[in-house]
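# Structural features, examined
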Amino acid sequence: MTVRNPDWTDLADALIAARRTSEPVDGARFEAALRSEADCYAVQTRVAEALGPVGAFKTARKPDQPQIIAPIFARDVHRSPASFGPGALRRIGVELEVGFLVIAPLPDPGVHAFAARTRDRVAAVAVLEIVDTRLADLDGAGRLLRLADNQLNGALVIGEPRADWHDLDLATVTAKLTLGDETVLNGPAFPPGGNAWETFLGFARMVATHCGGLRKGQVVITGSLNGLPFIDRPSSARGAIEALGRVEAVFPD
């Protein structure tokens, strides 16, 4: 009997089941099913259709790599301060990031002066991304597997948005992040890709209708200011970005 090799639809269905049952996916079984970012985005779409709606997006720009995007489900988006009880997360990685809240529908990316027309339609906000995974072996997971798994998003915690952010320099920010009793960031920090606003614009130009497209009320996060530290319970995360405010989460036993 011939055994069919798994394809991206099998991975999508396994990720859907993992989110429903909390049983992790053996990513090694599906590594060969992903040939390109297009397969990863197809997986994201299938999972979102089953488990949506989408409440936010994450995006990242790295040198010599294409910009990537991933949805964050509405049920995983929380206002600060947020609490995540036992069983809510398998892994707890914490990233302090600059985010943008869409406060009015954005213009079409093809219009004249798209960036200028977009500025007044978003507010800037400090966010904590909580990193988690549905994959059994995170360390062994390749780039495409991570992207297919919504780029490892577990949850999002949003601070108080600031609408009058337009004069801020978002190429360098002053930030602080304390995890439990340890301060892991305190001082100048640099959004990945060089500038958080330019990263957002890149996302807005590429997202189109992916997972429903970018809509009013959604947040886009632009990459970690502090790397990716993982913590154990019980603990807390307290972040601040100068001029954007504070954001907090706790992880009790």
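Check the entry above for the structure.
To keep things clear, this report deals only with the structure shown in the data block. (Residues numbered from 1 in each chain as written. Predicted model: local features only at pLDDT ≥ 70, side-chain atom pairs only at ≥ 80, totals over all residues. Heavy atoms only, no water.)

## Topic: the overall build of the protein chain
When its secondary structure is counted, the protein chain shows five helices and 12 strands. Over its C-alpha trace the protein chain gives a radius of gyration of 18 Å, about what one expects of a compact globule, namely 18 Å for 253 residues. The principal-axis extents of the C-alpha atoms in the protein chain amount to approximately 65 × 50 × 30 Å. Here the analysis covers contacts within the protein chain between residues at least 6 apart in sequence; of these, 73% occur between residues at least 24 apart. Roughly 11,600 Å² of accessible area belongs to the protein chain as shown, and the carbon and sulfur atoms make up 49% of that amount. Taking the average place of the 27 positive charges on the side chains of the protein chain and the average place of its 31 negative ones, the gap between the two points comes to 4 Å. (Helix = DSSP H or I, 4+ residues; strand = E, 2+ residues; numbered from the N terminus. Rg over C-alpha atoms; globule rule 2.2 N^0.38 Å. Contact = heavy atoms within 4.5 Å. Areas by Shrake-Rupley, 256 points an atom, 1.4 Å probe, with all protein chains shown as cover. Lys, Arg positive; Asp, Glu negative; His and termini not counted. Charge placed at Lys NZ, Arg CZ, Asp CG, Glu CD.)

## So, the sheet that holds strand β3 (residues 77-79)
As summarised here, the arrangement of the seven strands in space is β2-β1-β10-β5-β6-β7-β3, forming an open sheet in which the pairing is mixed. Of all the strands in the sheet, the pair left with one neighbour each is β2 (68-73) and β3. Sheet twist, expressed as the average angle between the axes of neighbouring strands with direction ignored, equals 30°. Where β3 lies against strand β7 (residues 153-158), three bridges are found, and the strand directions are parallel. Bridge assignment links His 78 to a residue of β7, and that residue is Val 157. Packed onto the sheet, helix α5 (residues 196-206) meets β1 (54-60), β2, β5 (93-102), β6 (122-131) and β10 (219-224) and runs at close to 125° relative to β10. (Pairing = 2+ DSSP bridges. Axes fitted to C-alpha atoms, helices over the stretch in contact; angles between N-to-C directions.)

## Remarks on the nonpolar core
In terms of nonpolar packing, the biggest core is built from 68 residues, with Phe 100, Leu 128 and Ile 130 touching the most fellow members. Non-local contacts of Ile 130, meaning those with residues more than four positions away in its chain, are made with Phe 84, Leu 89, Ile 92, Gly 93, Val 94, Leu 152, Asn 153, Gly 154, Ala 155, Val 157 and Phe 251. (Core = buried A, V, L, I, M, F, W, Y, C linked by side-chain atoms within 4.5 Å. Buried < 20%, exposed > 50% of the residue type's maximum accessible area, 1.4 Å probe, protein only.)

## Section: the sheet that holds strand β4 (residues 82-83)
The strand order across the open sheet built from five strands is β4-β12-β11-β8-β9, with neighbouring strands paired in mixed fashion. Of all strands in the sheet, those bounded by a partner on one side alone are β4 and β9 (182-189).

## Brief notes about the packing of helix α1 (residues 8-21) against helix α2 (residues 37-51)
Contact pair α1 / α2: the axes reach a minimum separation of 9 Å and the direction vectors enclose 40°. Relative to α2, α1 is oriented oblique. Of the two possible hands of crossing, α1 and α2 adopt the one that is right-handed. Side by side, α1 and α2 meet where Trp 8, Thr 9, Leu 11, Ala 12, Asp 13, Leu 15, Ile 16, Arg 19 and Arg 20 of the first sit next to Asp 39, Ala 42, Val 43, Arg 46, Val 47, Ala 50 and Leu 51 of the second. Within the contact of α1 with α2, the residues separate by chemical class into 10 nonpolar, one polar and five charged. (Parallel < 35°, antiparallel > 145°, perpendicular 65-115°, else oblique. Left-handed = near helix turned anticlockwise from the far one by under 90°. Nonpolar A, V, L, I, M, F, W, Y, C, P; charged D, E, K, R; others polar.)

## Here's the deal with unusual backbone geometry
Note that the residue after Ser 80, namely Pro 81, is joined by a cis bond; omega there is -5°. Here the residue pair Arg 233 and Pro 234 is connected by a cis peptide bond, since its omega of -15° sits within 30 degrees of zero. The backbone of Ser 22 shows a phi angle near 70°, a positive value even though the residue is not glycine. Of note, Ser 22 is situated in the loop between α1 and α2. We note that Leu 152 has phi near 70°; this positive angle belongs to a residue other than glycine. Here Leu 152 is to be found in the loop between α4 (143-148) and β7.

## As for the pairing of strand β12 (residues 245-251)
Sheet topology note: the β4/β12 ladder contains two bridges and is parallel. Across the sheet, residue Ala 82 finds its bridge partner in β12, namely Ala 249. Where strand β11 (residues 235-241) lies against β12, seven bridges are found, and the strand directions are antiparallel. Following the sheet pairing, Arg 238 is matched in β12 by Glu 248.

## Side note on α5
Counting buried residues in α5 gives eight out of 11 residues, a clear majority hidden from the surface. Here α5 has its buried residues at Ala 196, Trp 197, Thr 199, Phe 200, Leu 201, Gly 202, Phe 203 and Ala 204. Buried residues in α5 make contact with β1, β2, β5, α3 (114-119), β6 and β10. Looking one or two places after α5, you find Ala 208, whose phi comes out positive at around 50°.

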